[in-house]
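# Secondary and tertiary structure notes
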Amino acid sequence: MEQKRTANASTVLEENLKKALTEMLVLRLLSEREYYIGELGDTLKERSGGALCIVFPYAAIYRMEEYGYIYESGKRIGPDGRRRQYIAITDEGRVYVDRLIKAYAVISKGVQEVLEKGGLEND
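For clarity, every value in this text was computed on a predicted model and none was experimentally measured. (Residues numbered from 1 in each chain as written. Predicted model: local features only at pLDDT ≥ 70, side-chain atom pairs only at ≥ 80, totals over all residues. Heavy atoms only, no water.)

Scanning the protein for helices and strands turns up four helices and three strands. Put simply, the protein runs from its N terminus to its C terminus through helices and strands in the order α-β-α-α-β-β-α. Relative to the globule expectation of 14 Å for 123 residues, the C-alpha radius of gyration of the protein, 17 Å, shows a markedly less compact shape. Projected onto its principal axes, the C-alpha coordinates of the protein cover approximately 50 × 30 × 25 Å. In the protein, which comprises 123 residues, the proportion classed as buried is 28%. The contacts of the protein with a sequence gap of at least 6 include a subset with a gap of at least 24, amounting to 50%. A total of about 8900 Å² of accessible surface is found on the protein, and carbon and sulfur atoms cover 53% of it. Each charge class in the protein can be summarised by its mean position, and for the 19 positive and 20 negative side chains these summaries are 3 Å apart. (Helix = DSSP H or I, 4+ residues; strand = E, 2+ residues; numbered from the N terminus. Rg over C-alpha atoms; globule rule 2.2 N^0.38 Å. Buried < 20%, exposed > 50% of the residue type's maximum accessible area, 1.4 Å probe, protein only. Contact = heavy atoms within 4.5 Å. Areas by Shrake-Rupley, 256 points an atom, 1.4 Å probe, with all protein chains shown as cover. Lys, Arg positive; Asp, Glu negative; His and termini not counted. Charge placed at Lys NZ, Arg CZ, Asp CG, Glu CD.)

The buried count for strand β3 (residues 83-89) comes to five of seven residues, which makes it a mostly enclosed element. Sheet topology places strand β2 (residues 70-77) next to β3; seven bridges connect them, and they run antiparallel. Pairing of Lys75 across the sheet is with Gln85, part of β3. The turn joining β2 and β3, which pair antiparallel and follow one another in sequence, is formed by five residues; a positive phi near 85° is taken by Gly81. (Pairing = 2+ DSSP bridges.)

It is worth spelling out helix α2 (residues 37-47) at this point. Considered for burial, the residues of α2 that qualify are Ile37, Glu39, Leu40, Gly41, Thr43 and Leu44. One or two positions beyond α2, positive phi appears at Gly49, with a value near 65°.

Take the environment of Ile87 next. By the secondary structure assignment, Ile87 is in strand β3. Its relative accessible area of 3% is what places Ile87 among the buried residues. Residues Ile87 and Tyr35, 52 residues apart in the sequence, show an inter-C-alpha distance of 5.6 Å. In contact with Ile87, not counting residues within four places along its chain, are Leu30, Glu34, Tyr35, Ile37, Leu40, Ile61, Ile70, Tyr71, Glu72 and Ser73.

Dropping the structure here:
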């Protein structure tokens, strides 16, 4: 029973981490070029070597649009030949993603230092 609970907690933690990083990663991709929503998940999966699989980033997309970080830039024909709604990052979104990346670097460094000094007993 304990092993099942630990595995479930690990899965929940993994999902929460992915959700927390979604905005930063999506905005980072959009800082390179415009995307349609379906491309974002595939690109994140490809660039992360399969570690990040965000199938439906719609909640994050709608939230970022509401905050003024992204906007619909128009409909065009996508790589698959279908008409797609593209999204782009705003100037405010660029400032926000830069802040997120800096904060992530600080937090990530701190977490890594704790893990290295404490060691992992269950490896």
